[in-house]
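Residues per chain, in single letters:
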Amino acid sequence: MSTQYWIGLGGAAVVVLAGALWYSVWRRRRPEVLQVLQTTALDAAHDVLLPNGMGGQIYIEHLLLTGHGVVVVDVKQFEGTIFGGDRMDEWTVIKENRRFTFPNPQATLYDRVAAVRRLAREVPVHGYVLFSSRADFTKGRPRDVILADEFEQRFKKPEKADLEEVTLALGPHWERIKEAAHPG
């Protein structure tokens, strides 16, 4: 066999190994909160617009069908110490030597939940601001804020034996919501 053959084969092996390494690193670094959404949802709609009940539309970041009903999720990819409260206009994140603020996400979450409830009717609708498990609410956690590990425990997928019952009960309502949704 020629030298060019062995060089080509070696080059191909390097490319395959580099690709495998990149994928492995990417998968480990994939945001924890997005993995949690994927593992808990029976079905999901992401980045959609729904009617807001006042002639307009409202943006929904993540909308999940779970064994406990429909869940509206606003994800905040912040890590570090977070200071926020139900009555504070801005929340603060401190990580290492950096500090920044962001608007209190609760008001917009409640508007989103209300829009989904209009469509879901009898189905339970929950709303959460989801943070990584590496977020630390030292002074207490505001209402409807949840960490990824807690979210995963609270909204575990139903056992296979219960899955059909859940799907029959929630399926028509979920379809009504998905029919009203448009790409955001």
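You'll find the structure just up there.
Residues numbered from 1 in each chain as written. Predicted model: local features only at pLDDT ≥ 70, side-chain atom pairs only at ≥ 80, totals over all residues. Heavy atoms only, no water.

Draft legend 1. Region of interest: the packing of helix H3 (residues 106-120) against helix H5 (residues 160-180). The interhelical angle for the contact between H3 and H5, taken along N-to-C directions, is 120°, at an axis separation of 9 Å. Relative to H5, H3 is oriented oblique. The way H3 lies across H5 gives a crossing that is right-handed. For the pair H3 and H5, contact is made by Val116, Leu119 and Ala120 and by His173, Arg176, Ile177 and Ala180, respectively. (Axes fitted to C-alpha atoms, helices over the stretch in contact; angles between N-to-C directions. Helix = DSSP H or I, 4+ residues; strand = E, 2+ residues; numbered from the N terminus. Parallel < 35°, antiparallel > 145°, perpendicular 65-115°, else oblique. Left-handed = near helix turned anticlockwise from the far one by under 90°. Contact = heavy atoms within 4.5 Å.)

Draft legend 2. Representation of the sheet that holds strand E3 (residues 69-76) within the structure. As summarised here, the arrangement of the 6 strands in space is E9-E7-E3-E2-E1-E10, forming an open sheet in which the pairing is mixed. Every interior strand has two partners, whereas the edge strands, strand E9 (145-147) and strand E10 (182-183), have only one. In the sheet, strand E1 (residues 43-51) pairs with strand E2 (residues 57-66) via 8 bridges, with the strands oriented antiparallel. Its bridge partner being in E2, His46 is matched across the sheet by His62. Relative to E2, helix H2 (residues 32-40) is tilted by about 60°, and along the sheet it contacts E2, E3 and strand E7 (125-131). (Pairing = 2+ DSSP bridges.)

Draft legend 3. Expanded view of the environment of Ala135. With respect to the helices and strands, the residue Ala135 is situated in strand E8 (residues 135-136). Given a relative accessible area of 6%, Ala135 falls into the buried group. Dropping the residues within four chain positions of it, Ala135 is found in contact with Phe78, Gly80, Ile82 and Leu147. (Buried < 20%, exposed > 50% of the residue type's maximum accessible area, 1.4 Å probe, protein only.)

Draft legend 4. Examining a negative patch on the surface more closely. Where like charges cluster on the molecular surface, the negative patch consists of Glu159, Asp162, Glu164 and Glu165. Residue placement: Glu164 occurs in helix H5. (Patch = residues over 30% accessible without salt bridge, like charges linked within 9 Å, V, L, I, M, F, W, Y side chains within 5 Å. Areas by Shrake-Rupley, 256 points an atom, 1.4 Å probe, with all protein chains shown as cover. Salt bridge = Lys/Arg side-chain N within 4 Å of Asp/Glu carboxyl O. Lys, Arg positive; Asp, Glu negative; His and termini not counted. Charge placed at Lys NZ, Arg CZ, Asp CG, Glu CD.)

Draft legend 5. Looking closely at the sheet that holds strand E6 (residues 98-103). Taken in spatial order, the 4 strands line up as E6-E5-E4-E8 in an open sheet, and their pairing is mixed. Edge positions in the open sheet fall to E6 and E8, since each of these has one partner strand only. The sheet contact formed by strand E4 (residues 80-83) and E8 spans 2 bridges and is parallel. Bridge pairing links Gly80 to Ala135 in E8.

Draft legend 6. Highlighting the side chain of Thr92. Relative to the helices and strands, Thr92 is located in strand E5 (residues 90-95). Judged by relative accessible area, which is 12%, Thr92 ranks as buried. When residues no more than four places from it in sequence are discounted, the contact partners of Thr92 are Thr81, Ile82, Phe83, Arg99, Phe100 and Thr101.

Draft legend 7. The arrangement of the nonpolar core in detail. In terms of nonpolar packing, the biggest core is built from 33 residues, with Leu50, Leu63, Val70, Val116 and Phe131 touching the most fellow members. Looking at this core, the elements with two or more residues in it are E1, E2, E3, E5, H3, E7, E9 and H5. Per element, the largest residue contribution to this core is 6 residues, and it comes from H3. Excluding residues that lie within four positions of it along the chain, Leu50 makes contacts with Gly56, Gln57, Ile58, Ile60, Leu63, Val116, Leu119, Ile177, Ala180 and Ala181. In terms of nonpolar packing, the next biggest core, distinct from the first, is built from 14 residues, Val33, Ala41, Leu64 and Tyr128 among them. (Core = buried A, V, L, I, M, F, W, Y, C linked by side-chain atoms within 4.5 Å.)

Draft legend 8. Main features of H3. Along its 15 residues, H3 runs 21 Å from first to last C-alpha, staying within 8% of the 21 Å computed at 1.5 Å per residue. For H3, the full list of buried residues reads Gln106, Leu109, Arg112, Val113, Ala115, Val116, Leu119 and Ala120. Of the surrounding elements, those touching the buried residues of H3 are E1, E2, E3, E5, E7 and H5. Positive backbone phi, approximately 60°, marks Arg121, located one or two places after H3. (Expected span 1.5 Å × (residues − 1).)

Draft legend 9. Representation of unusual backbone geometry within the structure. In this structure, Asp47 is a non-glycine residue whose phi angle is positive, near 55°. Secondary-structure assignment places Asp47 in strand E1. For Asp47, a relative accessible area of 38% translates into the label partly exposed. Within the chain, Asp144 stands out as a residue other than glycine whose phi angle is a positive 65°. Residue position: Asp144 is located in the loop between E8 and E9. On the basis of relative accessibility, which here comes to 27%, the residue Asp144 falls in the partly exposed class.

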